[in-house]
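So the chains spell out like this:
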Amino acid sequence: MSSSRATLASAAGVAFFGGATFVSTGSTRTGNLRATASTASASAPAAPEANVAGLAVASVAVATCFASRKAGTSTRQLVTLTAFENELGVQAPVGFWDPAGFTADGSTENFARRRQTELKHGRISMLATMGYITPEITGKFPGYLSPSAGLKFADVPNGLAAISKVPAAGWGQILAYMAFCEVSQDQSAGTPAAAGDFGFKVLTASDPEAKKTKLAAELANGRLAMMAIIGMFFQDGLTGSAWGDWANYTASPLRAFENELGVQAPVGFWDPAGFTADGSTENFARRRQTELKHGRISMLATMGYITPEITGKFPGYLSPSAGLKFADVPNGLAAISKVPAAGWGQILAYMAFCEVSQDQSAGTPAAAGDFGFKVLTASDPEAKKTKLAAELANGRLAMMAIIGMFFQDGLTGSAWGDWANYTASPLR
């Protein structure tokens, strides 16, 4: 058995908006992808094709390219894809956004299948969202939904509560219509229906650019509707109301913490991961202690990135014995390799001192972040509360900022991350 394999390795950190280096087989369908290709012919017995893309978050990303094999004599094509960046739905401000890496295999077939699914889900969600909103605005139909069951339209509540009111025959009609939509047209790959075209021309356009704009708007509205309908479901489930008045959700465990420091506009008490769902004040205090530490470290780290760029560096030697000047230490991640062993020892010793110099057990002042450093505090309780809230907010911002700086630095090789330096970006 003979085979040829090409390997492409690229060193790059990957941010939340990261793409990947894609490898695809020698497919005749390239869609709108920009690509450069090299081909080589080889004979190989029939075997499954393989595409592998490796992704390492905040580290070195290595993409390994595998060739595809087909029965008899086949042509192998290695295609390095920059992104699906000309497809419909690639819109400002994020451009082509695939944080989960679904398109990392570079397969146009898989992309088309996911786009077909996205369109369906978006259309269903738009209808569902309007189904929530319309009865609240326009009211309900007069008369009977089911004369045989004596069920009026007015008897059916809005939202999730309507599920229990729909009779069995109604569910049968709903399922029958869904089946009709699925089987009434051929939706196999490459057909108009697979691209979302079911011959419904009311909202289309004869002008290609106008049509493209409308199709892009449909995708954007469908994405919004998917988020909206899920939000309405949660609102409804939590509050018992399709419009989700927060005052109705008296049993919320979040109410225990809504007067804590850090609860700020516009989101109020924000805990999307549900860490406080158990209502435990002990767990909340422990997480707040951790948040304060991480925020303070991140503020120092962020200033450590910024300050040398603005003010310059200290004169003289960082380590006289090693002949290392402050000016020899670069900014950003590159500095890690320049710090001598004694320097790391001093850093670790100071970290240990901060940890053990005071009792930080639950209920102590240190556990609440009070280490007796009173320079930035205030004697007035309201002023003190404002400053403590500002510290939390600034710490949260700094945690995001320093991670962004790390990725910038890792991707571009510069502490300030000029995007022009990142020529290897798959997003290009």
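The rules behind these values
Residues numbered from 1 in each chain as written. Predicted model: local features only at pLDDT ≥ 70, side-chain atom pairs only at ≥ 80, totals over all residues. Heavy atoms only, no water. UniProt positions renumbered as here; feature names shortened; annotations may be inferred. Helix = DSSP H or I, 4+ residues; strand = E, 2+ residues; numbered from the N terminus. Buried < 20%, exposed > 50% of the residue type's maximum accessible area, 1.4 Å probe, protein only. Contact = heavy atoms within 4.5 Å. Phe/Tyr/Trp six-rings, centres within 6.5 Å; stacked < 30°, edge-to-face > 60°. Expected span 1.5 Å × (residues − 1).

Another aspect to go through is the UniProt feature "binding site: chlorophyll a" (unreviewed entry) in the chain. As recorded in UniProt, the sites labelled "binding site: chlorophyll a" (unreviewed entry) are Trp97, Glu118, His121, Glu218, Asn221, Arg223 and Gln235. Considering the arrangement of structural elements, one finds Trp97 in the loop between strand S3 (73-81) and helix H1 (108-138). With respect to the helices, strands and loops of the structure, Asn221 is situated in helix H3 (residues 208-239).

To continue, consider the UniProt feature "binding site: chlorophyll b" (unreviewed entry) in the chain. Those places that UniProt annotates as "binding site: chlorophyll b" (unreviewed entry) correspond, in this numbering, to Arg123 and Glu182. These annotated residues cover 60 residues of sequence, and their C-alpha atoms all fall within 13.5 Å of one another, placing them together at a single site. Summarising the element assignment, Arg123 is placed in helix H1. With a relative accessible area of 25%, Arg123 lands in the partly exposed category. If sequence neighbours within four positions are ignored, Arg123 has contacts with Gly196, Phe198 and Glu218. Here Glu182 is to be found in helix H2 (residues 168-183). Apart from residues no more than four positions distant in its own chain, Glu182 is found in contact with Lys120 and Gln187.

A few words on the packing of aromatic side chains. Pairs of aromatic rings are described using the distance from one ring centre to the other and the angle between the two planes. Scanning the entire structure with this criterion turns up four aromatic pairs. Aromatic pair Phe141 and Phe153: ring centres 5.4 Å apart, planes at 65°, arrangement edge-to-face. With a gap of 12 residues between them, Phe141 in the loop between H1 and strand S4 (144-146) and Phe153 in the loop between strand S5 (151-152) and H2 connect regions that are remote in the sequence. You can call Phe141 exposed: its relative accessible area is 62%.

Moving on to helix H6 (residues 381-412). Taking 1.5 Å as the rise per residue, H6 with 32 residues should run 46 Å; its terminal C-alpha atoms sit 46 Å apart, in good agreement. When we look at burial in H6, the residues that qualify are Ala389, Leu392, Gly395, Ala398, Ile402, Met405, Phe407, Asp409, Leu411 and Thr412. Looking at the packing, one finds that the buried side of H6 touches helix H4 (281-311). Just downstream of H6, Gly413 is the residue with a positive phi angle, here 75°.

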